[in-house]
Structure formats: structure tokens, C-alpha cells
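Read off the chains here:
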Amino acid sequence: MELRIKRASRIDIEITVPGDKSISHRAVMIAALSNGECMLRGFLPSDDCMRTVNAMRSLGIKIQQPEPDLLIVNGKRRVLTPPKKDIDCGNSGTTMRLLAGLLAGQTFESRLVGDAGLSRRPMDRVIAPLCQMGADIVAEGPEQTPPLRIHGGSLRGIHYRMPIASAQVKSALLLAGLFAKGKTTVDEPSATRNHTEVLLNYFLVRTAKDGDGTVTVFGDQVPESRDFTIPGDISSAAFWLVAAAAQPRGHLLVRHVGLNATRTALLGVLLRMGAQVREAIEDVDQLEPCGVVEVTGIPLKGTVIQGKEVPQLIDELPILAVAGALAHGKTTIRHAQELRVKETDRIAAIAHNLRAMGAQVAEMTDGLEIQGPAPLQGGRVASFGDHRIAMAFAIAGLFADGETIVQDAECIRESYPEFDTVLEQFMNPRRMQISTPVIGSLTPAPIEEE
Ligand code: S3P
């Protein structure tokens, strides 16, 4: 599938975005471990999240899906049954890494496989600490890559200092910790998304946190079944927020979007680049803050993204690189070497595509330097099989001369099945009534120290 994009006319639009991907994976897993029926509304029915649903089904959990975004999960008090065959995680790193944690605590053997892309991604980051807890996990691919053969068993809690800031690793350990004796503590070198901790609390699992990036789960607990509504995904909204911010007088309102502070660093960067950004949290009842974001565009200016900010906007770096190409002056992204082991090597993919569209880019081991504003030219760009690369360059196409064609764009279904419908609205905007003024202002995030 190809996406064909032409320059956007005036952006003035109000949208919602589908459910948060990270929260959708976690909600299904935790509900499946709970002691009864949980109704999950706002679930993201994307390819990646469906991998998690089908994995839990293959472990004996009944999950109904009466509507694409509504799941009824029948928790079985942490009892899982051996899968009849290999569990196929497709392209979903979150499914494989979180499931590795969950399966580490089971007495049966399981095998996790993935597609060609996932089979190149490093798994040693979860294997090493889970083995320390007492699991037996073997990576069958070269250099600790999938498939994973997991022989779980009786786990003991550990205190683990993560060498890299990864929410997937932290979550795998916390999920394993539910099955462990004693407490499992994870120290993060810098804060990452905290949805696992928040959802565990929501499902009444006891955890502890100290201010300094340490989180603990107490072992041998069963989550209490509850209904939950998943907020919209700010990482999906990011594409439209950048489009509106980069268009002088562009205006966008996103409703019912997740505003968890570990996920909103993008807003601080857009402010620093000169855009007007406002957010209002409207709901915190379910512990995950949710509300509206409003952006008004301006000629953006370049910025520096580095240090502790990076793990908090790791998925937004492809679209922020596009923002950098549209901004006046230099944009520098550093300390982002993790981008090299995402769905593709995102540093190389961004540099390749931005250059193909006419921007000046220097590639570094851990980031990029982009000189803007670039007069972007349409043409054919590759997705590299990576959903966020495909979407970021579709947005670049909204600012390019001539037609931009994003090739192999079907990967977008991994996180945002309806992306092309919204893209259509951005290319052919029908003015929409924007009703509610948004209250609450943000101040630009200062550039992080190294
Ligand atoms: C995710 C964590 C991040 C992120 C990924 C989703 C999660 O990965 O890039 O898209 O849901 O925990 P890392 O843990 O590898 O940083």
C-alpha cells in the first residue's frame, strides 16, 4: 500500500485519536491476570495490540471484542494455560518483551516468535534480569534476538538497575514481579512512561515508588477486576500536532487524549520551537490523566533535544525531526541511540528520507543535526517497514512541493489504522466548528542538560 500526499491547505480542525498503544497492551495483560471480568473501552484495535490479545487468548484467557475498540476480558486469577503452539508477536516489541516477563513466572514452557523486523531486535535487555529472577530464557536468534524459548518457574524478587531507560524492560520485570516471591524493584536511569505502575495501581495491586526513579511491586498479588477506559494516544496525536504547529496560523484541537506527564514532553518541545500549545486535563478518575490539547502554528525555530527528555519522547523523535526540517535554524537530537534498535534504525531512516526530500542532515551515532527550513520536495520515500517513519514522512509530504508517495505504508496499521482517513482531512480540510476554549497554559520546556 502507498500513501499519496499533497501539500495541506489551511489546517483548522478538531480530532480525536485512537486508544493509547502502550496502555492497550498493558490493560489487556493486567485484566487477563485479574480475578474477573474487565470491560476495556477505547482499546486500540491495531495489529500490534491484537497480537497481545491473541497471545493472551492462546494462554487460555477468554477475550470478547463486540466492537473494534471494546474488549471484555475474563481474568482467571493469574492462571494461564500452556499455549498449543508458538506465540506470534508479529512486529510488536511491546508484546514480546512484556509477555516475556509474564511468561517467566509460569511453570510451562513457551516460545515467542516475531516477524523479520522483530527478529532483529535485541532481547538481552529482558532476558538477563528475568534469568536473575530465576527464569530460564534462551534467545534462539543471533546476538540474543528472537525467537525466545521461555521456561519459567518460581521467581524471586530482585533489585535491578536498568542500564538503559526502557519502559518495556521495566514493565517486563514488574509483571514478572507479580509472580515472584518478595518484592521486585527497578531503578531507571531516567524516567520512562509509567503506565504499568499506574495500571497496576488502578487494578489495586500494591506498588511503591520513590521520587528518584525507583519502583517496586510486591509479589504474589492478584489484580482486582475493574473496567477501564483507555485514553487517546498522544504519540498518534503527535503527527497532527506537529503539522498544525509547523503551519503558520494552523490550528488543531485534540480531544480525549492521554496527558500522562511521562508522555507529554513533545508539547514542551513544540513550545520551545515557538508554537502556541495549551493543554487541559479533564479527567484523572482512572489515574491516567486525559484531556484536550490545542496547538496554534507559527514559523518554528530549531531546538536541541537531548538528555532526560529523550526517553520521554522516544516515539516522537521521527516527527520532531520533520519539525526540525521545517523550522528556522538548526535542530539537534542527541543521546537517542535507542532509535537505532526500534522497528528500523530510525536515525538512518530519518536521515535518508529527509535528504531524499531535500533537507540538509548530519547523522551522528546517537542522533541527528538538521538544518532548516528545508524547501521539501515531494517524491517517493520508503517506510522501512516502520509505522512511525511512514507517518512522519506523510506529514513531511503535507509541507512539500509536488506529490509525496510513502511506499509500503501498510505498517501504519501497527499503531494507527485510521491514519489515512485523518490525513485525507488534513489535505482537504472542511472547516470544523471548534467549540470549547481550552484553559491552562504551558511554559516552554528548558533544554535538558547533558
Ligand atoms: C513502549 C516503550 C518504548 C517505546 C515503544 C513502546 C512501551 O520502548 O519506544 O514504542 O509500551 O513500553 P522502549 O522500552 O524500548 O524504550
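What counts and what doesn't
- For every chain, the first residue of its written sequence is number 1, and the numbers climb from 1 along that sequence.
- Side-chain atom pairs in this predicted model are given and counted only at pLDDT of 80 or more, local residue features only at pLDDT of at least 70, and totals for whole chains, interfaces and linings cover all residues.
- Only hydrogens and water are set aside when side-chain values are computed; all heavy atoms of the structure are taken into account.
- Labels follow the DSSP assignment, with helices taken as runs of H or I lasting at least four residues and strands as runs of E lasting at least two, numbered in each case from the N terminus.
- The size measure is the radius of gyration over C-alpha atoms, and the globule rule it meets is 2.2 Å times the number of residues to the 0.38 power.
- Two residues qualify as a contact provided that any one of their heavy atoms is within 4.5 Å of a heavy atom in the partner residue.
- In this description, accessible areas are obtained by the Shrake-Rupley approach with a 1.4 Å probe, and a residue is regarded as covered only by the protein chains that are shown.
- Neither His nor the chain termini are counted; the positive set is Lys and Arg, and the negative set is Asp and Glu.
- For this purpose, a charge sits on NZ of Lys, CZ of Arg, CG of Asp or CD of Glu.
- With a 1.4 Å probe rolled over the protein chains alone, any residue whose accessible area is under 20% of its type maximum counts as buried; one over 50% counts as exposed, and the rest are partly exposed.
- We call two strands paired when DSSP finds no fewer than two bridges between them.
- When a carboxyl oxygen of Asp or Glu is within 4 Å of a side-chain nitrogen of Lys or Arg, the pair counts as a salt bridge.
- Note on terminology: pairs of cysteine sulfur atoms within 2.5 Å are recorded as disulfides.
- Near is defined per residue: the residue qualifies when any heavy atom it owns lies within 4 Å of the molecule or strand.
- Two N or O atoms form a polar contact when they lie within 3.5 Å of each other; inside protein one atom must be a possible hydrogen donor and the other a possible acceptor, and for residues adjacent in sequence the pair counts only when both atoms belong to side chains.
- Amino acids outside the nonpolar list (Ala, Val, Leu, Ile, Met, Phe, Trp, Tyr, Cys, Pro) and the charged list (Asp, Glu, Lys, Arg) are all regarded as polar, and Gly is one of them.
- Helix axes use the C-alpha atoms of the stretch in contact, all axes being lines fitted to C-alpha atoms, and the angles between their N-to-C directions lie in the range 0 to 180 degrees.
- Across the chain, each position has a pLDDT score giving the predictor's confidence in that residue, from 0 to 100.
- Any angle that is under 35 degrees is reported as roughly parallel, and any over 145 degrees as roughly antiparallel; angles of 65 to 115 degrees are reported as roughly perpendicular and all others as oblique.
- A crossing counts as left-handed when the near helix is turned anticlockwise from the far one by less than a right angle, and as right-handed when that turn is clockwise.

> Outline the overall build of the protein, listing residues and values.
Assigned secondary structure in the protein consists of 13 helices and 25 strands. Whereas a compact globule of 450 residues would reach a radius of gyration of roughly 22 Å, the protein reaches 21 Å, a difference of no more than 12%. Taken along its principal axes, the extent of the C-alpha atoms in the protein is 60 × 45 × 40 Å. Within the protein, residue pairs in contact and separated by at least 24 positions form 77% of the contacts whose partners lie at least 6 positions apart. By element, 49% of the accessible surface of the protein is carried by carbon and sulfur atoms, the whole surface being about 16600 Å². When the 48 basic and 53 acidic side-chain charges of the protein are each reduced to a single mean position, those positions are 1 Å apart.

> Tell me about the pairing of strand β13 (residues 183–187), and name the residues and values.
The side chains of a regular strand alternate, residue by residue, between the two faces of the sheet. The buried fraction of β13 amounts to 4 of the 5 residues, a majority that puts the element mostly inside the structure. Relative to β13, strand β11 (residues 159–161) is paired through 3 bridges, and the arrangement is parallel. The residue of β13 that forms the bridge with His159 is Thr185. Here β13 pairs with strand β15 (residues 214–218) via 5 bridges, running antiparallel. What sits directly across from Val186, in β15, is Val215.

> Before we move on, could you go through the pattern of salt bridges and cite the residues and values that matter?
All told, the structure shown has 29 salt bridges when counted by the stated rule. A salt bridge links Lys170 to Glu188, with the nearest nitrogen and oxygen atoms 3.3 Å apart. Note that Lys170 is positioned in helix α5 (residues 167–178) and Glu188 in the loop between β13 and α6 (195–202), a separation of 18 residues in sequence. Like Glu188, Lys170 is buried. Across the pair Arg278 and Glu294 runs a salt bridge whose closest N-O atoms are separated by 3.5 Å. Remark: Glu294 occurs in strand β19 (residues 290–296) and Arg278 occurs in strand β18 (residues 276–283); sequence separation between them is 16 residues. When its relative accessible area of 35% is taken as the criterion, Arg278 is described as partly exposed. Here the salt bridges do not stand alone but share partners, grouping Arg121, Arg193, Asp315, Glu343, Arg346, Asp386 and Arg388 into one network.

> An account of the state of the cysteines is needed here, citing residue identities and associated values.
Under the definition given, this model contains 0 disulfides. The thiol of Cys49 is unpaired, and the distance to the nearest cysteine sulfur, on Cys89, comes to 13 Å.

> Let's hear about the site of the ligand: which residues, and what values?
The local shell around the ligand consists of Ser22, Arg26, Thr94, Arg97, Ser166, Ala167, Gln168, Arg193, Ile314, Asp315 and Lys342. Interatomic distance of 2.7 Å between a side-chain N/O atom of Ser22 and an oxygen atom of the ligand. Between the ligand and Arg26, the relevant distance is 2.6 Å, taken from an oxygen atom to a side-chain nitrogen or oxygen of the residue. When the ligand sits alone it has 390 Å² of accessible area, and the protein chains cover 94% of it. Every element with two or more residues in the shell around the ligand is listed here: α1 (21–33), α3 (93–104) and α5. When grouped by side-chain class, the residues that make up the shell around the ligand number 2 nonpolar, 4 polar and 5 charged.

> An account of the sheet that holds strand β25 (residues 401–406) is requested, with residue identities and associated values reported.
Strands sit in the order β1-β25-β24 across an open sheet of 3 strands; the sheet is mixed. Since the sheet does not close on itself, it has two edges, and those belong to β1 (3–5) and β24 (377–381), each with one partner. Direction aside, the axes of adjacent strands within the sheet are offset by 15 degrees on average.

> Give me the environment of Ala356: which residues, what numbers.
Considering the arrangement of structural elements, one finds Ala356 in helix α11 (residues 346–356). Among the residues examined, Ala356 registers a relative accessible area of 47% and is labelled partly exposed. Considering only alpha carbons, one finds Ala356 and Ile314, 42 residues apart in sequence, at a separation of 23 Å.

> I'd like to hear about the confidence of the model for the protein, residue by residue, with values.
The predicted model of the protein averages 96 in pLDDT, with 97% of residues at 70 or higher. Within the protein, the lowest mean pLDDT, 93, falls on strand β14 (residues 207–210), and the highest, 99, falls on strand β5 (residues 70–74).

> How would you explain the side chain of Thr95 if you had to name every residue and give the values?
Locating Thr95 in the fold gives a position in helix α3. Here Thr52 takes part through its side chain, which lies 2.8 Å from a polar atom of the side chain of Thr95. If near-sequence neighbours (up to four positions away) are discounted, Thr95 is found in contact with His25, Met29, Asp48, Arg51, Thr52 and Cys89.

> Mind laying out helix α4 (residues 124–132), listing which residues take part and the relevant values?
The α-helix advances 3.6 residues per turn, and as a result positions three or four apart in sequence lie on the same side. Within α4, the full set of buried residues consists of Arg125, Val126, Ile127, Pro129 and Leu130. The inward-facing, buried residues of α4 abut α3, β8 (136–139), β9 (148–151), β11 and α5.

> Can you explain the sheet that holds β5? Please cite residues and give values.
Here 4 strands make up an open sheet; going across it, the order is β4-β5-β3-β16 and the pairing mixed. The strands lining the two open edges of the sheet, one partner per strand, are β4 (62–67) and β16 (228–229).

> Tell me about the packing of α3 against α4, and name the residues and values.
Packing of α3 against α4 leaves a shortest axis separation of 10 Å and a crossing angle of 15 degrees. On the basis of the axis angle, α3 is roughly parallel to α4. As for how α3 packs across α4, the hand of that crossing is right-handed. Of α4, the residues touching α3 (which contributes Arg97, Ala100, Gly101 and Ala104) are Arg125, Val126 and Leu130. Of the residues contributing to the contact of α3 with α4, the split by class is 4 nonpolar, 1 polar and 2 charged.

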